[in-house]
Amino acid sequence: MRPPIVPFLLLLLNSSFTFNTGFAFISTSQLPKGKLSIRQPLVSPCSVHHGISTKRWAKKVKKRADVDQLQETEVENNLFTFADYKDELEALLYLSRVVSDDPRDLCERAQQVFDNMYENWAINDKDELEPTTEIYNLLISIYASCGDLSTASKILSRMEHGQQDGVPSTDVHTYISMMEGCEQSGKITEAEDIFHRASKTNLFDVILYNSMLSIWKRRGDLTSPGKAEMLLENMINGQDQEPILNTETFALVMECLCRNTVKSKRALVFQKVQSLVDTMKTLQGNGNENVNPNDKKIINAMIKALGYSKLPDKIIKTENFLSDMMERYELSRDEDECPNAATFINTINICSSNQSAESAQKASVLLTLMNNMYQMTKERGENVCEDLKPTVRVYNAVMNVWSRSNAHDKAVQAKSLLDTLNSEWKKRSSDEDLAPNQRSYNTVINACAYTTNTKKGSSAKDRSEALRIMVETFNAMRLSPSVQPNHVTYGLFLKGCYNLMPNDDRRETIVENIFRKCCKEGCVSQFVLDTLFESASPLFLNSIFGDSQRTDIHIPAEWSENV
């Protein structure tokens, strides 16, 4: 319903927008007396004017981080539909979250778009442009994401009164928008207050509760697991008319336990997660069709929690979890129960727990298994195939297991995986998920540097081969157009020189050259200094640092500007 014209005009006369001071529908601070004008909305290149959809434009912004794509454009008001105004606000919200820009400017832009929409509805009688709860929610999200929680809170308060001056009432997403804005500003306590405020308005929607659990999972501290468990317990017991739980609810609590539990108690997390799975089975048996203990999110959380445990057979248990998942999927073809990249990565990570060569071989077998399942589902045209595609994260996980193992040939195996990754990436050069990164190269160099830490000890041949691979990998990294050495690379290389080379003039020359290169690139960190003191001679150290003690070294700022 359009607001009465008199209250609306009073609102116009008594309101003007300034950043972080209040909320107004239309800015009137610069209007000539007796005349009404409206600021043109600041628009993104959207379908209205440029023939480019907002989603495509947003992807372009994400890729290039080019805020200049958003320019003031003279657009006649009659070209704007409800969807166009919504697109404008969604684009601005996107910018507020992914691009470093002036928050004041983004808020003003959003206010301009809203002002234009509101006037066209309230004064120009365009009923189809009535700002809905969804539009107000976008405005709250933009202000909150830009850190102006004060203005966002004022809009929320206006909406809570409902239908005053044409302001729509709140819905569950209104409060979620405010909560996520608080989270982005690092104000978790304020997000909790908004959640409890929403709970008192009879909005017993599981989405609201899951949003609070998500915030605790992403940004929580060591108290978050306890809060998440308490909230879940209240939901299970039905206190205060809590909503029906779903699989996402349990998965979020499990992930919160895995992420935020203090390290000294992480070994007990698997028991808690197993207990939650048992609760899910009970609820499912009692008729709750919204919970599925076989969902991949639940199994992934169990595997991750199992990795923290001290169970001696956890590798076997993990393999059984994965095998059962694959069998269930083949029988049901239920996408929710199909393993994904996270399933394989968590399983691969557990293989590093005993550092044996056999476990490293299992990690490589898992990579092959994943690739086979990806090819099979791709050939069958199943949607899950993209979630099973081996990415650089999967290759890095397998290389890491080899790097941490006591296998005498771990340098060779890690380098072979890097070569395979490079080969696959060249075949699909447009697939950035396969592009080797710094971690890929550093993991291979780490495997080389610690070739001496093997079960049977390393032979001269093993050390010589590891040294050759380390130099080759380092040089390939330096020549790469997309990946360059960082302080970890230099530190590991110096460590490799110390472990793999005899203490002679040749090692001294290489160490000196590498350290000088490290200084030039601004990559000198404490790790680099520690390994330098292990690998360099006292004469060289004295020429660089004088008589300074190891704990009392001060280096030029430019030596570490890229750390």
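Residues numbered from 1 in each chain as written. Predicted model: local features only at pLDDT ≥ 70, side-chain atom pairs only at ≥ 80, totals over all residues. Heavy atoms only, no water.

Chemist: Even after reading the chapter, I still don't get the overall build of the chain, so can you show me in this structure?
Modeler: Per the secondary structure count, the chain includes 24 helices and 2 strands. Across the 563 residues that make up the chain, the buried fraction comes to 50%. For the chain, the proportion of contacts with a sequence separation of at least 24, taken over those separated by at least 6, is 69%. Of the roughly 27,400 Å² of accessible surface on the chain, a fraction of 48% belongs to carbon and sulfur atoms. (Helix = DSSP H or I, 4+ residues; strand = E, 2+ residues; numbered from the N terminus. Buried < 20%, exposed > 50% of the residue type's maximum accessible area, 1.4 Å probe, protein only. Contact = heavy atoms within 4.5 Å. Areas by Shrake-Rupley, 256 points an atom, 1.4 Å probe, with all protein chains shown as cover.)

Chemist: Mind showing me how you'd approach helix α4 (residues 103–122) here?
Modeler: Because each turn of an α-helix spans 3.6 residues, side chains separated by three or four positions in sequence point in the same direction. Its 20 residues place the ends of α4 28 Å apart at the C-alpha level, agreeing with the 28 Å of an ideal helix rising 1.5 Å per residue. Burial of α4 is extensive: 16 of the 20 residues sit out of reach of the surface. (Expected span 1.5 Å × (residues − 1).)

Chemist: What is the right way to look at the packing of aromatic side chains in this model?
Modeler: By convention here, two paired aromatic rings are described through the distance between centres and the angle between planes. In total, this model carries 10 aromatic pairs according to the counting rule given. Both rings, one in F474 and one in F493, keep their centres 4.8 Å apart while their planes meet at 45°; by these two values the pair is tilted. Of this pair, F474 sits in helix α20 (residues 460–479) while F493 is found in helix α21 (residues 487–500), placing the two residues 19 residues apart along the sequence. Taken as a pair, F474 and F493 share a single burial class, namely buried. Ring geometry for F515 against F540: centres 6.4 Å apart, planes inclined by 90°, an arrangement best described as edge-to-face. (Phe/Tyr/Trp six-rings, centres within 6.5 Å; stacked < 30°, edge-to-face > 60°.)

Chemist: Could you clarify how one ought to interpret the layout of surface pockets in this entry?
Modeler: Any empty space left between atoms is shown by rolling a water-sized probe over those atoms. Here the largest pocket is characterised by a volume of approximately 590 Å³. Forming the walls of the largest pocket are 24 residues, and the residues nearest its centre are K304, A342, I345, N346 and R393. At the level of secondary structure, the elements contributing two or more residues to the lining of the largest pocket comprise α11 (247–260), α13 (296–308), α15 (341–350), α17 (392–404) and α19 (438–449). In terms of residue count, α11 provides more of the lining of the largest pocket than any other element does, 6 residues in total. Of the residues contributing to the lining of the largest pocket, the split by class is 7 nonpolar, 8 polar and 9 charged. Each pocket or cavity is described by its volume, and for the second largest pocket that value is around 300 Å³. Contributing to the lining of the second largest pocket are I303, K304, G307, Y308, K314, N346, N349, I350, S352, S353 and R404. Of all elements in the fold, only α13 and α15 reach the threshold of two or more residues within the lining of the second largest pocket. Ranked by residues supplied to the lining of the second largest pocket, first place goes to α13 with 4 residues. Partitioning the lining of the second largest pocket into residue classes produces 3 nonpolar, 5 polar and 3 charged. (1 Å grid on protein atoms, 1.4 Å probe; cavity = no way out; pocket = protein on both sides within 12 Å on 5 of 7 lines; lining within 4 Å. Points joined across faces, edges and corners; volume = space filled by probe spheres on them. Nonpolar A, V, L, I, M, F, W, Y, C, P; charged D, E, K, R; others polar.)

Chemist: What's the story with the environment of Y498 in this structure? I'm lost.
Modeler: Counting through the fold element by element, Y498 comes out in helix α21. Non-local contacts of Y498, meaning those with residues more than four positions away in its chain, are made with R507, E534 and S535.

Chemist: What should I look at first to understand the packing of helix α14 (residues 314–332) against helix α16 (residues 357–379) in this one?
Modeler: A pair of packed helices is characterised by two quantities: the angle between their axes and the separation of those axes. Running from N to C, α14 and α16 point in directions that differ by 10°, and their axes come no closer than 13 Å. If you check the angle between α14 and α16, you find them roughly parallel. Contact residues: I315, E319, L322, M326, Y329 and E330 in α14; S359, K362, L366, L369, M373, M376 and T377 in α16. (Axes fitted to C-alpha atoms, helices over the stretch in contact; angles between N-to-C directions. Parallel < 35°, antiparallel > 145°, perpendicular 65-115°, else oblique.)

Chemist: Just to check I follow, could you spell out the side chain of T247 for this structure?
Modeler: On the secondary structure map, T247 appears in helix α11. Residue class for T247 comes out buried when judged on its relative accessible area of 10%. Once residues lying within four places of it in the same chain are set aside, the contact partners of T247 are M280, N290, V291, N292, D295 and I298.

Chemist: Is there a simple way to think about the nonpolar core in this case?
Modeler: M179, L208, W216, F250 and M254 are the most contacted members of the largest nonpolar core, which has 82 residues in total. The dominant element in this core, judged by the number of residues it contributes, is α4, at 9 residues. Setting aside residues up to four positions removed in sequence, F250 forms contacts with L232, I236, L245, L276, T279, M280, L283, V291 and I298. (Core = buried A, V, L, I, M, F, W, Y, C linked by side-chain atoms within 4.5 Å.)

Chemist: Help me understand the side chain of T391, please; the structure alone is not making it clear to me.
Modeler: Turning to its location among the elements, T391 is positioned in the loop between α16 and α17. A relative accessible area of 14% means that T391 is categorised as buried. If near-sequence neighbours (up to four positions away) are discounted, T391 is found in contact with D433 and L434.

Chemist: What exactly am I supposed to notice about the confidence of the model for the chain here?
Modeler: Reading predicted coordinates in detail is not appropriate for stretches of low pLDDT. When pLDDT is averaged along the chain, the result is 83, and 83% of the positions lie at 70 or above. Scored below 50 in pLDDT, residues 1–78 makes 148 contacts in the model with residues more than four places away or belonging to other chains. (pLDDT = per-residue confidence, 0-100.)

Chemist: Quick question: what am I supposed to make of the state of the cysteines here?
Modeler: Between two cysteines, a covalent bond joining their sulfur atoms is known as a disulfide. The final tally for this structure, using the stated rule, is 0 disulfides. Of the cysteine sulfurs around C338, a residue in no disulfide, the closest is that of C385, at 9.8 Å. According to the relative accessible area criterion, C385 is buried, its value standing at 11%. (Disulfide = S-S within 2.5 Å.)

Chemist: So what exactly am I meant to see when it comes to helix α10 (residues 224–237) here?
Modeler: For α10, spanning 14 residues, the distance from its first C-alpha to its last is 20 Å, which sits close to the expected 20 Å at 1.5 Å a residue. When α10 is considered as a whole, its buried residues turn out to be S224, P225, A228, L231, L232 and M235. The arc that holds the buried residues of α10, viewed along the axis, is 130°, so those residues lie on one side. Buried residues belonging to α10 abut α8 (188–199), α9 (206–219), α11 and α12 (269–285). (Arc of directions from axis to C-beta.)

Chemist: Even after reading the chapter, I still don't get the environment of I140, so can you show me in this structure?
Modeler: Note that I140 resides in helix α5 (residues 133–145). It is 7.6 Å that separates the C-alpha atoms of I140 and T174, two residues lying 34 residues apart in sequence.

Chemist: Help me understand unusual backbone geometry, please; the structure alone is not making it clear to me.
Modeler: Note on backbone geometry: most residues besides glycine have negative phi, and most peptide bonds are trans. Positive phi, close to 60°, is recorded for D125, a residue that is not glycine. Taking the relative accessible area as the measure of exposure, D125 reaches 52% and is therefore exposed. A positive phi angle is found at Q355, which is not glycine, with a value near 60°. With respect to the helices and strands, Q355 occurs in the loop between α15 and α16. Q355 sits in the partly exposed class, given a relative accessible area of 38%.

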